[in-house]
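# Structural overview for review
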Amino acid sequence: MSAPDLEPVTPHGEHARPPARGDRWAAFKASPYLPAVVLLFIIAAAAGLFAGSYTYAMANPTPRNIPAAVVGDLDTVRDKIFLDRLEAALDTSLVLREYATEADARTALEEQKVFGVLRSGNGGVGLDVASASGASVAQLLAESTLKVGEAAHVQVKVTDVKPLQRGDPRGLALFYISLAAVIIGFVGAIQLSVHAKGLTPLERIGFTIAYALLGGFAIAAVVDWLLSSVKLPFLQSWMILSLTMFTTGMVFTMFNALMGRWAMIPTWGLMVLLGNPSSGGAVSWPLLPSVLGFIGRWLPPGASVNAQHAAVYYQGHQRVFPYLVLAGWLLVSCAVFLAWRHRHPEDRDHMPEHAAAAT
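First, a word on what this report is: a plain description of the structure on this page. Values in this document were obtained by computation on a predicted structure and should not be read as measured data. (Residues numbered from 1 in each chain as written. Predicted model: local features only at pLDDT ≥ 70, side-chain atom pairs only at ≥ 80, totals over all residues. Heavy atoms only, no water.)

## Topic: the sheet that holds strand S2 (residues 94–99)
Taking strand neighbours across the sheet as the criterion, the five strands line up as S2-S1-S3-S4-S5 in an open arrangement whose pairing is mixed. Looking at strand neighbours, the two that pair on one side only are S2 and strand S5 (155–160), the edges of this open sheet. When the angles between neighbouring strand axes are averaged without regard to direction, this sheet yields 25°. Sheet analysis places strand S1 (residues 66–71) next to S2, joined by six bridges and oriented parallel. When the bridges of S2 are listed, alanine 68 appears paired with leucine 96. Against the sheet, helix H4 (residues 102–110) contacts S1, S2, strand S3 (116–121) and strand S4 (124–129), and its axis sits at roughly 160° relative to S3. (Pairing = 2+ DSSP bridges. Helix = DSSP H or I, 4+ residues; strand = E, 2+ residues; numbered from the N terminus. Axes fitted to C-alpha atoms, helices over the stretch in contact; angles between N-to-C directions. Contact = heavy atoms within 4.5 Å.)

In structure tokens, the structure reads:
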């Protein structure tokens, strides 16, 4: 009969010794608790930043720099008093630009270089505004001009020469469709990373293009054909929405290659916390804080909104700048992703052979 196995004898009380501090920290780092704790603070900070960024940009729009055209000479005593009071009412944010003819001023309005046209005539002052360039700015200019005219005993006639479409009286539909394209664009990329881990880099780009085309079509079709909220130049609006979705999807994919599971943080920060409030869609850029008004045009959400506004309301005066912004972000994102694809956690080309075979 063999002797029974005996547990090694240890000094009294050694079995109750707690793990060393270094061992506890190593175990904590290897557990799911560390990322969970980090996420607690990230989510709390994101909630505060989300509320703060939108409140700061949109809750109290304040005029800061509103360019307006002046046609002819407004140099009579009455006109000077009127302009002085109007600038005071707008907190000296009115930037007047002189144009020789009404046609030149109207061209500047169509090109969105100015937000209003002031002219003297018939014993009063006329003001042309364009709600399509920004309903909030047009409303502010119209209300301020009428109040100043009444106080200065000057007759004022306000004309909206570029009104919004009937189904979108506040001018928010284009902001909403751009917002949908931005968010669904990077959410789609997140889902590809989670549910289609075996895709190669080129396959991932290809499927991002595919869902961007389908998603852009769905957004445009629902808003135009189903709801009839806005009459879109369908093909162009579809392509803008698809380009926006493709761009934001690749921005997340780029950050995913660089940062792995924390890629959502810079994507959310750029697109949602900073990009959407500064896009000029809900509040026109002359009413935004000056830094946001400038930065917003260089980010995908702002570029998408600007491209849609011009496509819907200013067909003869479109600008290439918003498309260059979207294309720039897209090309940089694709280049960085392809250059750093070896760090992408789902890259099938760099999986171990047995794992690649299993996919």
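## Let's talk about the packing of aromatic side chains
Tallied over the entire structure, the rule returns eight aromatic pairs. Centroid distance phenylalanine 217 to tryptophan 225: 5.7 Å. Interplanar angle 80°. Geometry classified as edge-to-face. Take phenylalanine 217: its relative accessible area is 33%, and that puts it in the partly exposed class. Classification of tryptophan 225 by relative accessible area gives exposed; the value is 52%. Relative to tryptophan 238, the ring of phenylalanine 217 has its centre 5.2 Å away and its plane inclined at 70°; by these criteria the two rings are edge-to-face. (Phe/Tyr/Trp six-rings, centres within 6.5 Å; stacked < 30°, edge-to-face > 60°. Buried < 20%, exposed > 50% of the residue type's maximum accessible area, 1.4 Å probe, protein only.)

Keep in mind these numbers describe shape, not what the thing actually does.
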